[in-house]
Every structure is written in structure tokens, then in C-alpha cells.
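# Observations on the model geometry
Residues per chain are reported as follows:
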Amino acid sequence: MPTRRSRALARAFYARPTLRVARDLIGMVLVHRTNEGTAAGMIVETEAYIGEDDPACHAAPGPTPRNAPLYGPPGVAYIYLNYGMHYLVNVVTEAAGRPAAVLVRALEPLEGIDLMERRRTRNAGQPAVPDLCRGPGNLTKALGVTLAENLLDLTRGALRIEDRGYRPSPVARGPRIGIRIGVDRPWRRWVSGHASVSGPRRRRSSGQW
DNA sequence: CGTTCGATGCACT
DNA sequence: GTGCATCGAACGT
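Source: prediction; values computed, not measured. Per chain, residues are indexed from 1 in the order of the written sequence. Note on labels: chains are lettered from A, ligands numbered from 1, in written order. Local features in this predicted model are restricted to residues of pLDDT 70 or higher, and side-chain atom pairs are both shown and tallied only at a pLDDT of 80 or more, whereas totals for entire chains, interfaces and linings draw on every residue. Side-chain descriptors were evaluated using all non-hydrogen atoms of the structure, hydrogens and water having been removed beforehand.

A word on the protein's contact with DNA strand C. Throughout, near means a residue has at least one heavy atom within 4 Å of the molecule or strand. The full set close to DNA strand C counts 21 residues, and Asn90, Arg120, Gly137, Gly178 and Ile179 are the nearest of them. Counted by atom, the contact set of DNA strand C within 4 Å of the protein is 67% sugar and phosphate. N or O atoms within 3.5 Å of each other form a polar contact, as long as, within protein, one can give a hydrogen and the other can take it, and as long as residues adjacent in sequence are counted only when both atoms are side-chain atoms. Within the side chain of His86, an N or O atom sits 3.0 Å from a base oxygen of DNA strand C. Here a phosphate oxygen of DNA strand C and a backbone polar atom of Gly178 are 2.4 Å apart. Only DSSP runs of H or I reaching four residues or more are called helices, and only runs of E reaching two or more are called strands; each is numbered from the N terminus. Of all the elements in the fold, those that place two or more residues in the surface near DNA strand C are strand S3 (77-82), strand S4 (86-92), strand S5 (100-111) and helix H4 (136-143). Grouping the amino acids of the surface near DNA strand C by side-chain chemistry returns nine nonpolar, eight polar and four charged. Here the term charged refers only to Asp, Glu, Lys and Arg, the term nonpolar to Ala, Val, Leu, Ile, Met, Phe, Trp, Tyr, Cys and Pro, and the term polar to all other amino acids, Gly among them.

Take the side chain of Asn67 next. Along the chain, Asn67 turns up in the loop between strand S2 (37-50) and S3. Only protein chains enter the accessibility calculation, which uses a 1.4 Å probe; a residue is then buried when its area is under 20% of its type maximum, exposed when over 50%, and partly exposed in between. Asn67 gets classed as buried once you look at its relative accessible area, which sits at 0%. At 2.9 Å, the side chain of Asn67 forms a polar contact with the backbone oxygen of Gly62. In this view, Asn67 contacts His58, Ala59, Gly62 and Tyr78; residues no more than four positions away in its chain are not counted. Residue contacts follow a heavy-atom distance rule, with two residues in contact if any of their heavy atoms lie within 4.5 Å.

Okay, the nonpolar core next. Take the buried residues of types Ala, Val, Leu, Ile, Met, Phe, Trp, Tyr and Cys, join any two whose side-chain atoms come within 4.5 Å, and each joined set is a nonpolar core. Core analysis: the biggest nonpolar cluster contains 38 residues, and Tyr14, Leu25, Leu30, Ile43, Leu143 and Ile161 have the highest contact counts within it. Among the elements that line this core, the one with the most residues is S2, at five residues. Not counting the four nearest positions on each side in its chain, Leu143 is found in contact with Leu30, His32, Ala39, Leu107, Met116, Arg119 and Cys133. Tyr49, Ala56, Leu70 and Val92 belong to the second-largest nonpolar core, a separate cluster that totals twelve residues.

Here we take up helix H3 (residues 113-120). Listing the buried residues of H3 in full gives Leu115, Met116, Arg119 and Arg120. Down the axis of H3, the buried side of the element spans an arc of 130 degrees, and every buried residue falls inside it. An arc is given here, and it is the one of the directions from the helix axis to the C-beta atoms.

Another aspect to go through is the packing of H3 against H4. Relative orientation of the contacting elements H3 and H4 amounts to 115 degrees, with a least axis distance of 7 Å. With respect to H4, the element H3 is oriented roughly perpendicular. Seen along the crossing, H3 lies across H4 with a hand that is right-handed. In this structure, H3 uses Met116, Arg119 and Arg120 to contact H4, whose residues at the interface are Asn138, Lys141, Ala142 and Leu143. When grouped by side-chain class, the residues that make up the contact of H3 with H4 number three nonpolar, one polar and three charged. Angles here are taken between N-to-C directions and fall from 0 to 180 degrees, while the axes themselves are lines fitted to C-alpha atoms, restricted in helices to the stretch in contact. Put simply, angles under 35 degrees are roughly parallel, angles over 145 are roughly antiparallel, angles from 65 to 115 are roughly perpendicular, and the rest are oblique. By the definition used in this description, the sense in which the near helix is turned from the far one sets the handedness, with an anticlockwise turn below a right angle giving left-handed and a clockwise turn giving right-handed.

Dropping the structure here:
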């Protein structure tokens, strides 16, 4: 009997065009439960990576051992190590055999903020709360997500995405950032003006808007 | 304020 | 051997 308590998104949510999933993930909540505790944050920034024709998508070279999750069923986590030190988390979209995913780039911290702070501790001091999950490498560190969570089913289990009714707006769109190729495709989505969105810092008083 | 650059591991050619 | 879907310290202005 399906429990009403579970607000986890169903597989049908992910089995849709990737740009739509990227948009609709804004406002959803990424949750990671570990024996250290639970940490969760609202998704405020995403990017779509779609198919072998997208030069920035990991599926661009065709199937390889690393990108195998992209070719599998939707609603599954695809996690990989980037620059030798940061784990990045994607959600697989569309359908098996059609490699595509959405990269989760930033969260607004909601739950387990003290746990996030412990995980993010460094010698030069604690990041401010809005910065704890600002950036794709930072959010996995704050949530304790590693390669061990690769291929986990996001519709149930320890790593999941839930709908808790948040509907932040407005949602902006623009080119993906941090990549060398495929920058022409405006496949990034983010909550306009949100403090936890990555990329260049917003101006204080002068200009920008 | 801005830009540059080193860290660090591995998938892929 | 090359090049990253990054981060933040260090340095220049």
C-alpha cells in the first residue's frame, strides 16, 4: 500500500523531455538520509544534458563504462567524479536507450544545516548558510553524496527527490556554465536572484538587473 | 573589485 | 598523455 507520507517524485516525472524535467525540478527537494543524519535542500539551479548529439553530454562519445547510467531507466542517479575531487549528481531522464540527464547545480539548505556545516568545514572557516550547497561540487559534499550513491533509485530510498510544495519564481533560463563546448545551448534553469545559485556573484549595489 | 591558477583522480584516445 | 559539467586561495588593479 503506497504510503501517503512519501512525497518522492514518481518515475513518470523523469520519463519526460529533459528540458521539462530540468524546469520542473526547480523547487523540488533533494534529500539524503545517512546514519549521520538527514540533509535536504530545495533545488534552485539545474542544467540539462541531452543525447549523444550534445557535445557537453557525457553520452557524446557513445556508451562507455562510466556513462552507462545515462542509457538506463529514468529516475536514477548518475554520479561521477569531476576534476579528481568533486562528485556531481545528475538525474537520468527520458527513457532507457535515450541518454539524457539533469545536473543538480545548487540547493537552498532546508534540513540538517549543522550536518552540512560539519561536512563543509575547512581551515579557512565555515561557509555562510546560503553557500553550503551553492555549486554542484559543494552540494554533494554538504549532503554526503559520493560514488556510493551512483545508480540509486531517486523515487525511493536514501537518496530521493520530493515535492514539498515549494514553487519558487521567477525561473530564469540561459546557457550552461562551467563547460567548454556546447555553451550555445540555453539549457540552464535557475531561480532568478536566489542567493544559493552558483556562478559569478551578484553585484551588491551597482547595476546587474 | 577583477583574474589566474593549483589541487587532484580518472575516463578516454 | 589530455582534458575535464569545480572550487577557492592568491594575486593584480
